[in-house]
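Spelled out from the first residue to the last, the chains are:
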Amino acid sequence: MLDPPLRSRQLPSTVQLFVLGVALLALGATFRHGSFAKRQPAGTTRDSSVRHPVVLVGPLLGQTLQVNDARWLNPCSPWTPTWTTAWVNLDKFAAACALHSSHAQLGLTFDPTTNRTKSPEHVQVRVAEGWDGLTFFGIDVYGNLTQRLESEGFVRDVDILPMGYDWRLSVADWEQEAFPRFFRTISDAVSRNGQPVVLTGVSMAAPFTHAFLKWANAKRGGKSWVQKNVHAFVPVAGPFNGAVNALSALMGGVVFDFASPGQPGAAKFKCPLCDPPLAEQVSEEQFVMKVVDGFGAVLKELLMDWLVTDITRLLREFPSLYWMSPGMDDSIPDRSYVTLQHGPWAQPEEIKASGLPSLFRRLLMHDEAERMKYALSVGSTEDPGVPTHCIYSHNVRTFSHLTFPAGGVFADIGASVEIGDGDGTVHSESLSVCERWKSTVKVYKLPGVRHGFEVIVGQVHDVIVGVAKGDDAALDAWTSPAFVDLDVPRDGMTNATILDEWQANLVVALNEDA
């Protein structure tokens, strides 16, 4: 049963504003002012002589991307091309250049023969170097965690290291640049510190690291290199089998076109586990605009005129979003995440994960079908083969299944969305994939923490520090806290204080920019 603290939240905060919600949840939570006292669980000891380097891997959306636009006579190209911030830039013109369909510096084409992507001609995009890559609107994605590690004696750029990458791309793209750079980062850290590393990160950082380990086993030194250089893998909120939320954004657009309750096209929601029951229909005013106001109000001047069409189009060009949609879990039977309704008396048609490419083709989305086909071929549900300490949240209402009429586009016809357990973005079946791995040492579950906010929780820091310092006693003693006992800055788990302050800061920045 989905219980309190969910009673105060009717729907996941990231619903259908996936393009902004994941990033803003993950990043709004990491203010530099937030800090934790140095915590040591009672009855445990630490061996201060052991300190495994920690590599912090970036999440989906929550990394700064830079662009070098050298297109001739293009309004977005400076007279002297240089690297500037593309994702996300508070300057209105720069934001339009990065995201608007007529310029789309961040746009990608996909080659299904190589499974690699290309930027527009004469446009280069990269993740910002070093720690700058793990920032978003100037916010340090792992600020609280880094502070905690530093309080334990770790040092930035010595045994705390950043691993950023272009989160838009395909696994085949990452094999060309990001994975070799990840390999060098680990090798250099081990050489410098004399200890194998701990790999950790939130959200897509987990499957990205999983894919890297698979690549390293196959193409760079094999299992012997991984065993020698990787002490442990600590995924946080890892969508190892994607998220229905991501699939809904690809199929239905960034924001569903909700009608008012009782009107044609009104979206219906059902939540069998919810207590109290969830209202079946949610109006645009109650739902969509509440979501947009909650996350996008400060961006309206930048994006809102073309948010739905252009951001949706752009998202559909990113292979990573298909990779982050539900796939086939290698340890359980192929299952359905989408139902097509063929009429009031016809039998519903269940679309299993393996059938998603065909579904895109039926919707005349042929390029999207190719991206989905490739995504299914590079799953991240197998045992990674390294000691794994898996951290995730539960008891947050989350998209778990989509139903829509077979005769039209998802965004144009009333959809039915089933709400189930998860962390508000990733459904529980995907989060819990790691529980089935033989390599998993322990699973650490948090109640009621929304996706991305795990990285500010003190009990999560305890796990990462315990793994990095070889403190097996502390890890063995770790128990799941009650919601009221979560160690967080102020009332961060309610989302309100942190996001409100973050939003206020952006309003100031926008006003100054104007």
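The text that follows walks through the structure, step by step, so that each part is easy to find. This structure is a prediction, so every number in the text was calculated from the model and none was measured.

## Some remarks on the environment of R168
As for its placement among the helices and strands, R168 is situated in the loop between β9 (160–163) and α4 (171–174). Given the relative accessible area of 1%, R168 is considered buried. When the C-alpha positions of R168 and G107 are compared, they lie 9.4 Å apart, and in sequence the two are 61 residues distant. What R168 contacts, discounting residues up to four positions off in sequence, is L65, L106, G107, L108, S119, V125, F318, P319 and S320.

## Here's the deal with the packing of helix α3 (residues 143–151) against helix α16 (residues 458–468)
Packing of α3 against α16 brings their axes to within 10 Å, and their N-to-C directions diverge by 50°. Here α3 is positioned oblique relative to α16, judged by the angle of their axes. The chirality of how α3 crosses α16 is right-handed. Facing N144, L145, R148 and L149 of α3, the residues of α16 in contact are G458, H461, D462, I464 and V465. Here the contact of α3 with α16 is composed, by residue class, of 4 nonpolar, 3 polar and 2 charged.

## Topic: the sheet that holds strand β2 (residues 65–69)
Note: strands within a sheet are paired through backbone hydrogen bonds, in either parallel or antiparallel orientation. Ordered by their spatial adjacency, 3 strands build an open sheet running β3-β2-β6, and the pairing between neighbours is antiparallel. A strand with exactly one partner marks an edge of an open sheet, and here the two such strands are β3 (84–87) and β6 (123–127). Each neighbouring strand pair of the sheet contributes to a mean axis angle of 40°, computed without reference to strand direction. Where β2 and β6 come together, 5 bridges link them in antiparallel fashion. Paired with L65 across the two strands is V127, which belongs to β6.

## A word on the pattern of salt bridges
Opposite charge on two side chains makes pairing possible when the charged atoms of those side chains draw close. Applying the stated criterion across every chain yields a total of 18 salt bridges. For E370, the salt bridge goes to R361, with nearest N and O atoms at 3.8 Å. Residue E370 is classed as partly exposed on the basis of its relative accessible area of 26%. Taken together, the shared-partner salt bridges in this structure form one network comprising R148, E152, D462 and K469.

## A word on the packing of aromatic side chains
A complete count under the given rule lists 22 aromatic pairs for this structure. A ring pair is formed by W87 and F136, whose centres lie 6.1 Å apart and whose planes are at 55°; its orientation type is tilted. Of this pair, W87 sits in strand β3 while F136 sits in strand β7 (residues 135–136), and the two are 49 residues apart along the sequence. When the centroid spacing of 5.6 Å and the interplanar angle of 80° are considered together, the rings of W167 and F318 count as edge-to-face. With W167 in the loop between β9 and α4 and F318 in the loop between α11 (307–315) and α12 (319–323), the pair connects residues that are 151 residues apart, well separated along the chain.

## Looking at the sheet that holds strand β18 (residues 440–447)
An order of β9-β1-β10-β11-β15-β18 is seen for the 6 strands of this open sheet, with the pairing classed as parallel. Two strands close off the open sheet at either side, each with one partner strand: β9 and β18. Across the sheet, the mean angle from the axis of one strand to that of its neighbour is 20°, orientation sign disregarded. Both strand β15 (residues 388–394) and β18 contribute to a ladder of 7 bridges, which runs parallel. Its bridge partner being in β18, H389 is matched across the sheet by K442. Running over the sheet, helix α5 (residues 178–193) touches β1 (54–57), β9 and β10 (197–202) and is turned about 175° from β9. On the sheet, α16 packs against β1, β10, β11 (230–236), β15 and β18 and is oriented at approximately 170° with respect to β11.

## Details of the packing of α5 against helix α6 (residues 205–219)
Across the interface, α5 lies against α6 with an axial gap of 10 Å and an inter-helix angle of 85°. Relative to α6, α5 is oriented roughly perpendicular. On the side of α5, the interface is formed by A178, F179, P180, F182, F183 and I186, while α6 contributes F208, T209, A211, F212 and W215.

## As for helix α7 (residues 222–229)
All buried positions along α7 are accounted for by G222, W225, V226 and N229. What you see down the axis of α7 is that its buried residues fit within an arc of 95°, all on one side. Seen from the open side of α7, the exposed residues pointing more than 90 degrees away from its buried face are K223, S224, Q227 and K228. Buried-residue contacts for α7 involve α5, β10, α6 and β11.

## Some words on the state of the cysteines
Counting across every chain of the model gives 2 disulfides. Here C76 is linked by a disulfide to C97, with a sulfur-sulfur distance of 2.0 Å. For the disulfide bridge between C76 and C97, the dihedral angle about the S-S bond is near -90°, and by the sign convention the bridge is left-handed. Taken together, the residues span a long stretch of sequence, with C76 in the loop between β2 and β3 and C97 in helix α2 (residues 92–99) at a distance of 21 residues. Here the two residues C76 and C97 agree in accessibility, since each one is buried. The partner cysteine of C390 in its disulfide is C434, sulfur to sulfur 1.9 Å. Disulfide C390-C434: torsion about the S-S bond near -75°, hence left-handed. Placement of C390 in strand β15 and of C434 in the loop between α15 (428–431) and β18 is noted, with a sequence separation of 44 residues between them.

Cut-off values and rules
Residues numbered from 1 in each chain as written. Predicted model: local features only at pLDDT ≥ 70, side-chain atom pairs only at ≥ 80, totals over all residues. Heavy atoms only, no water. Helix = DSSP H or I, 4+ residues; strand = E, 2+ residues; numbered from the N terminus. Buried < 20%, exposed > 50% of the residue type's maximum accessible area, 1.4 Å probe, protein only. Contact = heavy atoms within 4.5 Å. Axes fitted to C-alpha atoms, helices over the stretch in contact; angles between N-to-C directions. Parallel < 35°, antiparallel > 145°, perpendicular 65-115°, else oblique. Left-handed = near helix turned anticlockwise from the far one by under 90°. Nonpolar A, V, L, I, M, F, W, Y, C, P; charged D, E, K, R; others polar. Pairing = 2+ DSSP bridges. Salt bridge = Lys/Arg side-chain N within 4 Å of Asp/Glu carboxyl O. Phe/Tyr/Trp six-rings, centres within 6.5 Å; stacked < 30°, edge-to-face > 60°. Arc of directions from axis to C-beta. Disulfide = S-S within 2.5 Å.

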